[in-house]
Amino acid sequence: MFTTGFKFFFGLGMALAGAAVFYGYTTGGNHMGPLSMGWKGGIGEHLGYSLLLGLGVTAITVALFLVFFRDADPAAQAHYMGVEEIPTNSLVTASFWPVVGAFGVGAMAIGLVLHTAVFVTGLVVCGVVAIEWLMDSWADRATGDPEANRVLRNRVMAPIEIPALGAAMVALGVLATSRILLATSKLGSVVVAGVVSVLILCIAVLFVSKRRINRNILAGLVLVTAVAVLAGGVVATVTGERDFHHHEVDDEHDGADSVEGH
Amino acid sequence: MVATTGLPAPEVTRPRSLLVGTMFACAAALMFFFAVTGIYILERAAARDAGSEWFPEGVIELGPSGFIFWTLILSIFTIQWAVQAINADDRVNAYVALLLTGLFGAAIFNQLWFIINDTGFAMAADNAQFLFFFVNGTFIVFLIAAVVFVAFTFIRAMAGQFGPRRAEAVSSAALFWNTVVFMWSIVYYLIYITK
Amino acid sequence: MTMTDSPPVAETALAAASPRVVGLFDALTTTDHKRIGRLWLRSGVLALLAATIVGVVLTVENSNSSADDLFGGVNNYFQYFSAYRFGLVLLVVAPLFVGLATVVVPMQVGATNIAFPRAAHGAVWLFMIGAGITVVSVVAGGGWGALDGVSSGERDAIALTLVGTALVIVSLLAASICIATTVVSLRTAGMNLLRVPLFAWSMLVATSVWLLTLPIALGNLALIYFDLRGGPGEYGVAEGSSDIYTQLGWLVEQPQVYAFAIPVLGVLGQIAPVVARRRHAQHTAAVILIGLFGLLSVGGWSQPAFQGANYDEKFIFIVFGLFAVLPVLGSIGAATDTIAKRSDDGDGAGISGLLSVYSLGAIGAGLLLLAGTVAGLARVIQPWDLGGRTTTTAVMNLVLYGAVVAAIAGIWFWAPKISGRHLPVMMGRLVLFDLVAGAVLLGAADFVSGFLEAPAFGYQVAGSTAPLMAVPSDQNLIEVMNVVAAVGAVLIVLGVLGVVAALAKAARSDESVEDNPYGGQTLEWTTSSPPSSGNFSEPPERVVSEAPLLDTVSENGEEA
């Protein structure tokens, strides 16, 4: 009648709820307070009482769910599905979105401390990952043929993904290069611009000459870049703002000179 | 379009996995919430024991937060309507119900934003105002998560992958939504009724 | 929208198993639970090495009060003191068990994969990112508060430590959901929860307790963080105070610290029947005892930061501390009963099983956990007044190193399923003996020092004999005990280095391994070594007991 999972969680919940009542009375609760959640009397020490009661209520709720679907026992699942034998769990296709999502959440976390722009970037990455994940899940269950599912998924998503990725890469490149150019000296910016141009040319030549780039190398490059971005964020956070920022704020005269100098 | 006629049907997947996973996630979310409200209860009791004022008199109004409460009560019916409709293979009703639930969520977000702004509280002002932001902010985060869950379920429902005995995702969204409603009932009682 | 024919039979899921993954691209896109679990295990072992090295420096500093200050000030000592404690719990023990469970539990319950494999993969990467942020920020002057003043950069580094810790906890919660859901909803035909192998059951109990309690720590972290970044300064006091550490300190204190060692009882209960070459003598009792230990390890409700100095005088806190010993004692008793009734069929295999690496490790881990809970019992006996002293450190070290030893015994035991290789036997015996001996010395020294009124935070200003927080009754004996603790810590580091060496040696080995080399009784031993990506070449037969492989043998008439 009562399943093992129900017994465990119900026992856990009842014991913790009981502990809450005991805790309430032994820490200064009075009258019916600990039994009525403070309605008729004091409950004693508030945090311990609230958390023990919360733990108890949550565990009992889990117990009730488990007994509702019979611990999700294989026999109960088969009965629910109306089949003799319960199917094995389906194999999920490979996807790089979980790793991208983890880096997105990492960027959000660092952005909380470092800068709103980093946080928003992480948020956008997480949003993209959520949509891609949703589409992957949909495609996995579209038909029983994994290859057809893959084609179906790409047919729907590729017209969005490729232009979006291209635009994002161009925007990122322009933004990053502009920051570098602004941060370096006059001569340095000329050198950087030259190097970046040559780099773009080289990558283009590489793409044209070798149509299929080793995906492990590509994955390695993306991973190293992602780690470098997060590491850069952490380093930027712990080292604080660069000195010349303080300089401009602290001494307007010097700042004006430096602007004039440029 | 890719011709899918003649291709094998998707595998029969194990039921309950998503529901069980959501159940554990809801348990974790509830405990986070209880941790936050537990500290609120503790600090409020300490302030009152010390004879000091918690919130300034008349700043927290019951009316707007009550609208949220009753809207959320209404949303319990709409989300369960969606579950029932999917189980009955009634797609149109399921779409309408999920859309309505999502709209209720957006309306609640709007209302709560108004309430928070209306108080004129500042996070750094004192402990009471900080915890006011913290508890309401926690609820907002869970509300957004619930709306996103419902929105994704709506999209999956539009793709036609749900039906009788394949309503796990809708049931899971409903479970998370109802958990969020439960959270508000606690926030409403703690902050807006008993202040 | 799709138009399709009738559904295929269930077996097609197995036939459609994807090929074994190779290369970085496949590693980054994998949804195979074994590969995901190995990532957790590698992270855990790496963190273990780092944490134990920090542990050595801390104990050497404690034992060397009159010599040079290794940390260069009380604040640095505080940073590494707190990093060692939180690191041992969140970056070492939890990931080791999560890794072991991610590999083994799906096979034990007869599933082809873990539940939500993409989420499980995302979780391990989130863990690595969170752990990286935490470690770098601590090294850069962050940490869980500061006892002296902080610069704005250090203040940000402290904020970064908080978000790093939060990411680690979120990743552990996500992995816990995957593991718990696997045990509950992906069991093979005939396997009800009472027939689940004890390790899988212990992981269900452990992850359930983590899911109920770790969000409380997440709530604490959020409160501290937002206060630090713009609140009134009640909770997120970053400088001149240990408040932040204190608000999270319950994670490494009893009863919560026991929660991280729940799988120790599962490993013990899993290995004992294999050693005994018979069914577990008290399977149902073991299931109940693991559940009971789960109940008594629920923490979070006891938070010294909010409940004042007498938090440990509360009746329920004492009850939890007193009774936690019983399920551990009971589980060890059940395992001993099983081993005592072992069937030795004349070839001495039963004896050699008893002396196997995994057997020694499981027994050692069980005894360390028992010692930890006994120390915890002593700590709640009010007349002894051991709160805030090194007794709390002894409880933490004994329990957590018990968990580490159990995890390493598990790695040795399930190595054929984790990596498809055996780990070196003699090296394993040495390593586990060394780890247990080191943990005993470390724990015993701190336990004795607690009775001598040594404070848990043992930093002393260089050249001074006066400790920072309290005046011990017998400084000389405490210094002897500190030296013993340092020896224990060094032994532990040597043991961990041995583990790393054994893993490296095994990685170069190309020997083939039998599918079931030790006479395992649960479903993971029906898979190949290493298992294929779908785990089972054909769906497991309907399970009728907690030891399905013994049932198969019985049916074939090969078992007495």
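Considerations on the overall build of chain B
Of the regular secondary structure elements, chain B holds five helices and zero strands. When its helices and strands are written in sequence order, chain B yields α-α-α-α-α. Over its C-alpha atoms, taken along the principal directions, chain B stretches across nearly 75 × 25 × 25 Å. Per-residue burial over chain B gives 49% buried out of 195 residues.

Focus: the domain arrangement of chain A
Considered domain by domain, chain A is made up of domain 1 (4–81) and domain 2 (97–241). Taking only C-alpha atoms, the centre of domain 1 of chain A and the centre of domain 2 of chain A are 46 Å apart.

Here we look at the packing of helix α13 (residues 315–323) of chain C against helix α16 (residues 357–380) of chain C
Residues and elements named next belong to chain C. Contact geometry for α13 and α16: axes closest at 8 Å, N-to-C directions at 150 degrees. The orientation of α13 relative to α16 falls into the category roughly antiparallel. Here α13 and α16 pass one another in a crossing that is left-handed. Contacts between α13 and α16 pair F317, I318, G321 and L322 from the former with G376, L377, R379 and V380 from the latter. A per-class count over the contact of α13 with α16 returns five nonpolar, two polar and one charged.

Describing the confidence of the model for chain A
Residue and element names in this part refer to chain A. For chain A, mean pLDDT is 83; residues scoring 70 or higher make up 89% of the total. When mean pLDDT is compared element by element in chain A, helix α1 (residues 4–26) scores highest at 96, while helix α10 (residues 252–261) scores lowest at 39. Throughout residues 242–262 the model reports pLDDT below 50, and contacts reaching past four residues in sequence, or to other chains, amount to four contacts.

Overview of unusual backbone geometry
At the junction of Q254(C) and P255(C), the peptide bond is cis and its omega measures out at 5 degrees in the coordinates. Inspection of the secondary structure puts P255(C) in the loop between α8 (243–248) and α9 (256–259). In this chain, S529(C) is followed by P530(C) through a cis amide linkage whose omega measures -5 degrees. Residue placement: P530(C) occurs in the loop between α20 (475–508) and α21 (548–555). The phi angle at D71(A) is positive, at roughly 60 degrees, despite the residue not being glycine. The topology assignment puts D71(A) in the loop between α2 (46–68) and α3 (74–81). Exposure remark for D71(A): the 28 C-beta atoms within 10 Å place this residue in the buried category. Positive phi values are uncommon outside glycine, yet R16(B) reaches one of about 80 degrees. Using a count of 24 C-beta atoms within 10 Å as the deciding quantity, one classes R16(B) as buried.

Thoughts on the interface of chain A and chain C
Contact residues are listed per partner, giving 62 residues for chain A and 71 residues for chain C. Breaking the side of chain A that touches chain C down by element, the ones donating at least two residues are α1, α2, α4 (97–113) and α8 (215–239) of chain A. Grouping the constituent residues of the side of chain A that touches chain C by class yields 37 nonpolar, 20 polar and five charged.

Brief notes about the nonpolar core
Counting residues in hydrophobic clusters, the biggest one holds 316 residues, and the most contacted among them are V404(C), V405(C) and A409(C). A total of 23 residues in this core trace back to one element, the largest contributor, which is helix α4 (residues 74–108) of chain C. Of the domains in this structure, domain 1 (4–81) and domain 2 (97–241) of chain A are the two that each give at least three residues to this core. The contacts of V405(C), once residues within four sequence positions are left out, are G361(C), G364(C), A365(C), L368(C), L432(C), L435(C), V436(C) and A439(C).

Quick notes on the packing of helix α1 (residues 17–49) of chain B against helix α5 (residues 168–193) of chain B
How two helices pack is summed up by the angle between their axes together with the distance between the axes. Residues and elements named next belong to chain B. Running from N to C, α1 and α5 point in directions that differ by 10 degrees, and their axes come no closer than 9 Å. Comparing their axes, α5 and α1 come out roughly parallel. On α5, the residues that touch L18, L19, T22, M23, C26, A29, L30, F33, T37, Y40 and I41 of α1 are E168, A169, S171, S172, L175, F176, T179, M183, I186 and L190. The residue makeup of the contact of α1 with α5, split by class, is 15 nonpolar, five polar and one charged.

Observations regarding helix α5 (residues 117–139) of chain C
Side chains that are three or four residues apart share a direction in an α-helix, a result of its 3.6 residues per turn. Between its first and last C-alpha atoms α5(C) spans 33 Å; for 23 residues at 1.5 Å apiece the expected length is 33 Å, and the two agree. With its phi angle positive at about 105 degrees, G141(C) sits one or two positions after the end of α5(C).

So, helix α6 (residues 146–183) of chain A
All names here are of chain A. The axis of α6 is deflected most strongly, by about 55 degrees, at M157, and proline P159 appears within four residues downstream. Burial of α6 is sparse: only three of the 38 residues sit out of reach of the surface. All buried positions along α6 are accounted for by A148, N149 and L152. Of the surrounding secondary structure, the elements contacted by the buried residues of α6 are α5 (116–140).

Definitions and limits used
- Residues numbered from 1 in each chain as written.
- Chains lettered and ligands numbered in written order.
- Predicted model: local features only at pLDDT ≥ 70, side-chain atom pairs only at ≥ 80, totals over all residues.
- Helix = DSSP H or I, 4+ residues; strand = E, 2+ residues; numbered from the N terminus.
- Buried ≥ 20, exposed ≤ 12 C-beta atoms within 10 Å, placed from the backbone.
- Domains from an automatic or database assignment.
- Axes fitted to C-alpha atoms, helices over the stretch in contact; angles between N-to-C directions.
- Parallel < 35°, antiparallel > 145°, perpendicular 65-115°, else oblique.
- Left-handed = near helix turned anticlockwise from the far one by under 90°.
- Contact = placed C-beta atoms within 7 Å.
- Nonpolar A, V, L, I, M, F, W, Y, C, P; charged D, E, K, R; others polar.
- pLDDT = per-residue confidence, 0-100.
- Core = buried A, V, L, I, M, F, W, Y, C linked by C-beta atoms within 7 Å.
- Expected span 1.5 Å × (residues − 1).
- Bend = angle between axes of the 7 residues up to and from the residue.

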